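Here is what each chain is made of, one letter per residue.
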Amino acid sequence: MSENLNEIRKRRKEWEERSVKPALKRFGVEKNPNKFYTPAELGEFKFMEKVGFPGEYPFTAGPYPFNITAPAPRRGLPTAPGLVRAATYSGYGAAENTRDYYKEMQKRGQKAGPNLAFDLPTQCGYDSDNPLVRGDVGKTGVAVDTLRDFEVIYESFRGDLELDRIASNFTINAPANIILAMYFALAEKRNVPLDKLRGTPQNDILKEYIARGTYIFPPRPSMRMIRDSMVFLTENCTHMNINQLGGYHIRGAGGTREQDLAYSSLILSAYVQEGVNAGLDVDTFVPRFTVNAFGGSMEFFKEIAFQRAARRVWAKIIRDKFHAKNERSMLLRQPWEYAHIGPENCTAQRVLNNLTRSVVGGIASALSGGQPITYPPFDEPLGLGWSLEASQLAEDAERILQYEARLTEVTDPLAGSYYVESLTDAIENGAMAESQKVEKMGGIVSAIESGYVQAEIAKSAYERQKRIENGEDLVIGVNCFTGESELEVQVSRNVPHPYSPAKRTEAERNQIKNLKEVKKTRNNRKVKQLLKELEQKARNEQENLMPHFIECAKEYATLQEMCDVLRGVFGEYRPKSI
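So, a few notes on the structure that sits alongside this text.

Conventions adopted
Residues numbered from 1 in each chain as written. Predicted model: local features only at pLDDT ≥ 70, side-chain atom pairs only at ≥ 80, totals over all residues. Heavy atoms only, no water. Buried < 20%, exposed > 50% of the residue type's maximum accessible area, 1.4 Å probe, protein only. Helix = DSSP H or I, 4+ residues; strand = E, 2+ residues; numbered from the N terminus. Pairing = 2+ DSSP bridges. Right-handed = clockwise from strand over helix to strand, strands pointing away. Expected span 1.5 Å × (residues − 1). Contact = heavy atoms within 4.5 Å. Polar contact = N/O pair within 3.5 Å; in protein donor to acceptor, adjacent residues only side chain to side chain. Axes fitted to C-alpha atoms, helices over the stretch in contact; angles between N-to-C directions. Parallel < 35°, antiparallel > 145°, perpendicular 65-115°, else oblique. Left-handed = near helix turned anticlockwise from the far one by under 90°. Nonpolar A, V, L, I, M, F, W, Y, C, P; charged D, E, K, R; others polar. Salt bridge = Lys/Arg side-chain N within 4 Å of Asp/Glu carboxyl O. Phe/Tyr/Trp six-rings, centres within 6.5 Å; stacked < 30°, edge-to-face > 60°. Core = buried A, V, L, I, M, F, W, Y, C linked by side-chain atoms within 4.5 Å.

Moving on, we come to the pairing of strand β3 (residues 167-171). The buried fraction of β3 amounts to five of the five residues, a majority that puts the element mostly inside the structure. Residue alternation in β3 divides its side chains into two sets, Ala-167, Asn-169 and Thr-171 and Ser-168 and Phe-170, and both sets are buried. Strand direction decides the pairing type here: strand β2 (residues 113-117) and β3, joined by three bridges, are parallel. Bridge assignment links Leu-116 to a residue of β3, and that residue is Phe-170. Sheet analysis places β3 next to strand β4 (residues 198-201), joined by four bridges and oriented parallel. In the sheet register, Asn-169 faces β4, and the bridge partner there is Thr-200. Between the parallel elements β3 and β4, the chain passes through helix α7 (residues 176-189) in a crossover that is right-handed.

Right, here's the structure in full:
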C-alpha cells in the first residue's frame, strides 16, 4: 500500500471523534451500527500470496481460469463443451417410480445421468422388508435393495444415455461401496468397461458422525471402506471421482463457518492420508476429490469470504502437508455452487420468500467464483422433491443473473476489498486455530470417537437457535414481521408434482413385493457362499472388499445382507452422549 498505515490509523481516530461520536449522540445510539474497513485492517497486503490469479495457487480468486458454463437446462446442472455431469439430486419411492421420473424428465429436456437420492433405510444399510424400517421405504429417496433395483432405474438410460455416455452420482456414504458395486455389476452386464464410467459417490462417512447421522460402522473400519473404494476407483475407474465432501452438512447441523472449514479440511486430509498409507500417489488420486458445497447462510459477504478462504486453506494443506507437485491436486473442485444460503435456511413460513433468499445466494455464488446458482427452489422445506413451478422460477432467476445482470463477466470482483480480504483472513485463521486443537487430540477420527466434534457442533447449534428464539437473529416471517397485515403469497400449480403422491403411497408395498421375488428366484446357495467369504475377507484388514462386493451384487445379494456381515465383523457405531 502506498499510503502510510499509521497515518490511516491516526486519521481513523480523528474521524471517530469528529464525525462518528456526534452522529451517535444525535441518534441516541451507543455503538456504530456499521463497520468500515481501510487498508490498515489488512496491514501489508501481499496480492500474490493472498489472492493470486484465478486457476492458480492459492486459488483464492477461483479454482479455474474462467467459467464458460451456461445456466442449466431444466432439472440439470450448468454444463459446457467437454463436461459430462449428472442431473440434480432426485429419486423417490420404488425403483420403478424413479425410472419413470427420469423418463418424464427426459421428455421435458433433461439429458443428464441420475444424481440418486436414496431413502433412509438404504443409507443406513437396511432392506425394505426389514420391520424396523416400515413407513420409511422410499420416503427420502429411492429404495435400493439389490442389483435388480439398479437394473430397473437404469432402464431409462439407454442409447445416447448409455452408462459410458452419462455421469451418475450416488449421494450415499456408509454403504457407498456396496452401491458402487451394484453399479459396476450393472455395467458388466451391459458390457460397459469400468474405465469408461463417469460419476461421483458422496462417500464422505466422517461428516455423518458429526452432522447427518447415517452411519453404520465405527469410524476406523469405515475408513477402511474409504480406503478400499479409493484404491479400487484409482486403479480401475479412471474417469470417476472418488468422493464428494459435504461440508455444508456441518454448517446445516449448526456449526460455525470456522468449524465447518476446520472439520471439513481435517476430514479431507484424513481421506488423503488413508490413500497415501495405501500406497497411492497424491497427484494421482487427489485431483479426483470433489466438494459438494461448503458453508451456507444468508450472511452475504461472509459466505463469499468463506469460499475464498476454503480454497486457500485446501491448497496450502495439499501443497505443504502432502507435498503435491501438481497444482490440480491443490484445486478445491466444486461442481457448480460456491457461496450459497444453505437449504436449512429456507422457511416453511411464507415459503415464496425462499426464492428471494436463493437469489441472494445466487449473487453470492457468482461473486465467489461460481455460477449464479439460485438454489434451492423455494419449496425445499415442504417435502421431498421440488415442484416444476419452483424449479422454473429458480432456473429463470439464474438466467436473469447471468444474462441480464451479467454477474459472471468478472472473476472474484471483490478481490482487494478491505472488508472481504479481512474477512477471508479472519475465517482462515479461525479455522486453522480449531484444526490445530483437533490435531493435538490425535486427528479428526480420534476427535469424533471422543465425541469432541459432535459436542462442539451441538453447542454452536444451541447458541444459534437461542439467538433466533431471542430475536437476536431475525428470520423474516418466522420471528419478525408476522403480524396480521402480512400476506401469505401462493403460486398456482400448473402441472402435477414430478413425485407422484399416489406412487409414493404404494412404493413400500411394491418394493417389498419385488424384493421377495428376487430372494425367491436368485441362487441362494451361491449367495450364502459369497456372504461367508465376505466375512472371511472382512476379517483381513489388508483385503480390499470392493471386488467381492461386486461378486455379491451380481448374484443379487441384498444391501442389508452384506451390511449385516460387516456389522458382525466391524460392529455398529454408538454415538457418544452429548
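With 12 residues, helix α22 (residues 559-570) should cover 16 Å at 1.5 Å per step; its first-to-last C-alpha distance of 16 Å lies within 8% of that length. For α22, a buried count of nine out of 12 residues is recorded, marking the element as mostly surrounded by other parts of the structure. Within α22, the full set of buried residues consists of Leu-559, Gln-560, Glu-561, Met-562, Cys-563, Val-565, Leu-566, Arg-567 and Phe-570. Contacts from the buried residues of α22 go to α5 (120-123), α7, α9 (219-236), α19 (501-521), α20 (524-538) and α21 (546-554).

Looking at where Glu-344 falls in the secondary structure, it is placed in the loop between α13 (300-321) and α14 (353-367). Assessed through its relative accessible area of 30%, Glu-344 is described here as partly exposed. Between the C-alpha atom of Glu-344 and that of Asp-425, which follows or precedes it by 81 residues, the distance is 26 Å. Apart from the residues within four sequence positions on either side, Glu-344 is in contact with Arg-251, Gly-252, Gly-296 and Arg-464.

Examined against the element boundaries, Thr-424 turns out to sit in helix α16 (residues 418-440). What Thr-424 contacts, discounting residues up to four positions off in sequence, is Ala-305, Arg-308, Ala-309 and Arg-312. Of the polar contacts made by the side chain of Thr-424, one reaches the side chain of Arg-308; its length is 3.0 Å.

Below, the discussion takes up the packing of α7 against α22. Relative to each other, α7 and α22 sit at 140°, their axes nearing to 10 Å. In terms of orientation, α7 and α22 fall into the oblique class. Considering only the axes of α7 and α22, their crossing is right-handed. Contacts between α7 and α22 involve Ile-178, Ile-179 and Met-182 from the former and Leu-559, Met-562 and Cys-563 from the latter. Along the lines of polarity and charge, the residues of the contact of α7 with α22 split into six nonpolar, no polar and no charged.

Attention shifts here to the pattern of salt bridges. Per the counting criterion, the structure on display carries 50 salt bridges. Its salt-bridge partner being Arg-399, residue Asp-396 comes within 2.7 Å of it at the nearest N-O pair. Residue Asp-396 and its partner Arg-399 are located together in helix α15 (residues 388-404), separated by three residues, close to a single helical turn. Asp-564 serves as the salt-bridge partner of Arg-567, at 2.7 Å between the closest nitrogen and oxygen. Of this pair, Arg-567 and Asp-564 both sit in helix α22, separated by three residues, roughly a single helical turn. Exposure remark for Asp-564: the relative accessible area of 35% places this residue in the partly exposed category. It is possible to trace a salt-bridge network through shared partners that takes in Lys-50, Arg-312, Lys-316, Asp-425 and Glu-428.

Let us look at the packing of aromatic side chains. The relative placement of two aromatic rings is captured by the distance of their centres and the angle of their planes. Enumeration over the complete set of coordinates arrives at 24 aromatic pairs. Ring geometry for Phe-47 against Phe-53: centres 5.9 Å apart, planes inclined by 75°, an arrangement best described as edge-to-face. Among the residues examined, Phe-53 registers a relative accessible area of 46% and is labelled partly exposed. Relative to Tyr-419, the ring of Phe-301 lies with its centre 5.7 Å away and its plane at 70°, an arrangement referred to as edge-to-face. Of this pair, Phe-301 sits in helix α13 while Tyr-419 sits in helix α16, and the two are 118 residues apart along the sequence.

On to α13, then. Side chains three or four residues apart in an α-helix point the same way, a direct result of the helix having 3.6 residues per turn. With 22 residues, α13 should reach 32 Å at 1.5 Å per residue; the first-to-last C-alpha distance of 31 Å fits that figure. His-323 lies just past α13 and shows a positive phi near 55°.

By size, the foremost hydrophobic cluster in this structure holds 118 residues, and its most contacted members are Tyr-154, Phe-184, Leu-206, Tyr-263 and Ile-444. Looking at which element gives the most residues to this core, the answer is α7, with 11 residues. For Phe-184, the residues in contact, after removing those within four places along its chain, are Leu-194, Leu-197, Phe-232, Leu-233, Cys-237, Met-240, Met-546 and Ile-550. In this structure, Ile-304, Ala-339, Leu-367 and Val-420 belong to the second largest nonpolar core, which totals six residues.

This part is about the environment of Pro-335. By the element assignment, Pro-335 lies in the loop between α13 and α14. Counting along the chain gives 176 residues from Pro-335 to Gln-511, while the straight-line C-alpha distance between them is 33 Å.

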